[in-house]
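# Topology and contacts: notes
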Amino acid sequence: MSVLSGKNILLGVTAGIAAYKSAFLVRLFVKKGANVKVVMTPSSKEFVTPLTLSTLSKNEVYSSFTKEDNENAQWNNHVELALWADLILIAPATANTLSKMANGTCDNLLLAVYLSAKCPVYYAPAMDLDMYKHPSTLIYFEKLNEFGNIQIPADFGELASGLEGQGRMAAPEKIISLVENNILDGLPLKNKNILITAGPTHEAIDPVRFIGNHSSGKTGYAIAEVAANLGAQVTLISGPVSLKINNDAINLISVTSANEMFKATHHYFKNCEIAILSAAVADFAPSKVALHKIKKKEETLTIQLNKTKDILASLGEIKSNKYLVGFALETQNELENAKTKLNKKNLDLIVLNSLNDKGAGFKLDTNKITLISKDNKIATFKVKTKKEVANDILQHIIKELHV
Ligand code: CTP
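Attention here is on the structure that accompanies the text.

Quick notes on the rules
- Residues numbered from 1 in each chain as written.
- Predicted model: local features only at pLDDT ≥ 70, side-chain atom pairs only at ≥ 80, totals over all residues.
- Heavy atoms only, no water.
- Helix = DSSP H or I, 4+ residues; strand = E, 2+ residues; numbered from the N terminus.
- Rg over C-alpha atoms; globule rule 2.2 N^0.38 Å.
- Buried < 20%, exposed > 50% of the residue type's maximum accessible area, 1.4 Å probe, protein only.
- Contact = heavy atoms within 4.5 Å.
- Areas by Shrake-Rupley, 256 points an atom, 1.4 Å probe, with all protein chains shown as cover.
- Near = heavy atom within 4 Å.
- Polar contact = N/O pair within 3.5 Å; in protein donor to acceptor, adjacent residues only side chain to side chain.
- Pairing = 2+ DSSP bridges.
- Axes fitted to C-alpha atoms, helices over the stretch in contact; angles between N-to-C directions.
- Parallel < 35°, antiparallel > 145°, perpendicular 65-115°, else oblique.
- Left-handed = near helix turned anticlockwise from the far one by under 90°.
- Nonpolar A, V, L, I, M, F, W, Y, C, P; charged D, E, K, R; others polar.
- Expected span 1.5 Å × (residues − 1).
- Arc of directions from axis to C-beta.
- Salt bridge = Lys/Arg side-chain N within 4 Å of Asp/Glu carboxyl O.

A tally of regular secondary structure across the protein chain gives 13 helices and 22 strands. For 403 residues, the compact-globule formula gives about 22 Å, and the C-alpha radius of gyration of the protein chain, at 28 Å, lies well above that figure. Projecting the C-alpha coordinates of the protein chain onto the three principal axes gives extents of approximately 90 × 45 × 45 Å. The burial tally for the protein chain puts 48% of its 403 residues in the buried class. A separation threshold of at least 6 residues defines the contact pool for the protein chain, and within that pool the share at least 24 residues apart is 66%. By element, 52% of the accessible surface of the protein chain is carried by carbon and sulfur atoms, the whole surface being about 20,400 Å².

Neighbouring the ligand are 15 residues; Leu277, Ala279, Phe327, Lys341 and Lys345 lie closest to it. Thr308 places a polar side-chain atom, nitrogen or oxygen, 3.4 Å from a nitrogen atom of the ligand. Backbone polar atom of Leu312 to an oxygen atom of the ligand: 2.9 Å apart, as the coordinates give it. Relative to its unbound accessible surface of 560 Å², the ligand loses 76% to contact with the protein. Of all elements in the fold, only helix 11 (311-318) and strand 17 (323-330) reach the threshold of two or more residues within the shell around the ligand. Element by element, the count of residues in the shell around the ligand is highest for strand 17, at four residues.

Examined against the element boundaries, Ser44 turns out to sit in the loop between strand 2 (35-40) and helix 2 (50-57). Here Ser44 is in contact with Val13, Thr14 and Ala15, once residues within four sequence places are set aside.

Spatially, six strands are ordered 3-2-1-4-5-6 in an open sheet, and the strand pairing comes out parallel. Two strands bound the open sheet, and with one partner strand each, they are strand 3 (61-62) and strand 6 (150-151). Taken together, the two bridges between strand 5 (residues 121-125) and strand 6 define a ladder with parallel strand orientation. Bridge pairing in strand 6 places Tyr123 opposite Gln151. The sheet contacts of helix 7 (residues 135-146) involve strand 5 and strand 6, and relative to strand 5 the element is tilted by about 165°.

A few words now on the packing of helix 1 (residues 22-31) against helix 8 (residues 172-185). At their nearest, the axes of helix 1 and helix 8 sit 9 Å apart, and the two run at 45° to each other. Regarding the angle of helix 1 to helix 8, the classification is oblique. Judged by the twist between their axes, the crossing of helix 1 over helix 8 is right-handed. Counting all contacts with helix 1, which are made through Phe24, Leu25, Leu28 and Phe29, the residues of helix 8 involved are Pro172, Glu173, Ile175 and Ile176. Here the residues of the contact of helix 1 with helix 8 sort into seven nonpolar, no polar and one charged.

This paragraph deals with the environment of Leu394. Within the fold, Leu394 resides in helix 13 (residues 386-401). The spacing of Leu394 and Val226 is 168 residues in sequence and 8.0 Å in space, taken between C-alpha atoms. For Leu394, the contacting residues outside a window of four places in its chain are Leu189, Ile223, Val226, Ala227, Leu230 and Ile276.

Looking now at helix 7. End to end, helix 7 covers 17 Å across 12 residues, agreeing with the expected 16 Å (1.5 Å per residue, within 8%). Among all positions in helix 7, only Thr137, Phe141 and Leu144 are buried. Along the axis of helix 7, the buried positions cluster into a sector of 70°, meaning they face one direction only. With respect to the buried face of helix 7, the exposed residues turned more than 90 degrees away are Pro135, Ile139, Glu142 and Glu146. Backbone geometry just after helix 7 places Gly148 at a positive phi near 100°.

Inspection of every chain in the model, using the stated rule, returns 13 salt bridges. The salt bridge involving Lys345 is made with Asp310; its shortest N-O contact spans 2.8 Å. Within this pair, whereas Lys345 is found in the loop between helix 12 (334-344) and strand 18 (349-354), its partner Asp310 is found in the loop between strand 16 (305-307) and helix 11, the two being separated by 35 residues in sequence. For Lys345, a relative accessible area of 18% puts it in the buried group. Of the residues examined, Asp310 reaches a relative accessible area of 36% and is grouped as partly exposed. Connected via shared salt-bridge partners are Lys319, Asp348 and Lys374.

Distances and angles like these do not, on their own, reveal function.
The structure is reproduced here in structure tokens:
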């Protein structure tokens, strides 16, 4: 999955011949799963039609301060558009628009959006070779870069004038991959290997029966997704769940029993920097698994259970400088029990869920957590979606690790 997936992208189109390539840019962003809105300068409509861009983006295209069919009607709110955007790309960016951006001129909707933006702004210049290297253009580039705008340099090649040189807008595929790489470079968990366990384990009684629990795996899967979106390489060791993963940055290892989860977790622990064990591992497993289906001959059936190995505690013994996170699901003396687990299992952080809290627990899409760090610092959170909870946990880790 691309880092652009789910992102709000505002594409600014200005009046250069490369404006025809903006249709490809919209198409590629949409393919990456982004939401795209287009703001055009009035003259750019001579080069590409708003209809093309609205059809491809599946959104209205904006080019003036008011709705065009009725001058007295609603205005197009440039501030709202700017704040909607996670990133702005101005492509093509003509010499005229670049000079206005550098000087704070605000005589069209796109420039008003640009001046109102708080998000990263990328611009892909497109002009003839002599315009591109004119001293005034170079000054504007420098100024815009000083403002924190990110330039996507023009390519060399044949230009609309028939001349050859630097000035043609970078190819849409190249622009998209530069934007993706730039976002990846700035992600806080970039180059971090994170190991996550999730879901229940099933402990076989015979070939058709098992002992399990109600864990849905939703919390662990949400942590995996959010960690990957923050740039991490994730290994997700999952017990049997019905959830699916579709993310290249997540390596899913499926296991069934506590013992299989123990082995897989130890195997992948060696190469991780952070391990988050959210699985609801069975604490006991049948001491013997019947080879054939147990028949109901008797009135009662006694199954002897043996304690499973505590995966989290065993990692605590060998963790060295790895950051280890455990979960505690409690029904009474919650804080006390969680603190005891934190110390006993040698953890850096424990995530406490109380089954007494409304909105917390198995199968729900929400959870209410308390985070307790090694130094006994406690952070409490309100009921949130499991995705938001995952983000809270990861942001806490990022802060503690100063990454
Ligand atoms: N855990 C584990 N291996 C086990 C049991 C638990 O790795 N065999 C991990 C869980 O993934 C969780 C943490 O230990 O991160 C705490 O699990 P929990 O069931 O709350 O606590 P237990 O240590 O099993 O203690 P108890 O059931 O007695 O509360």
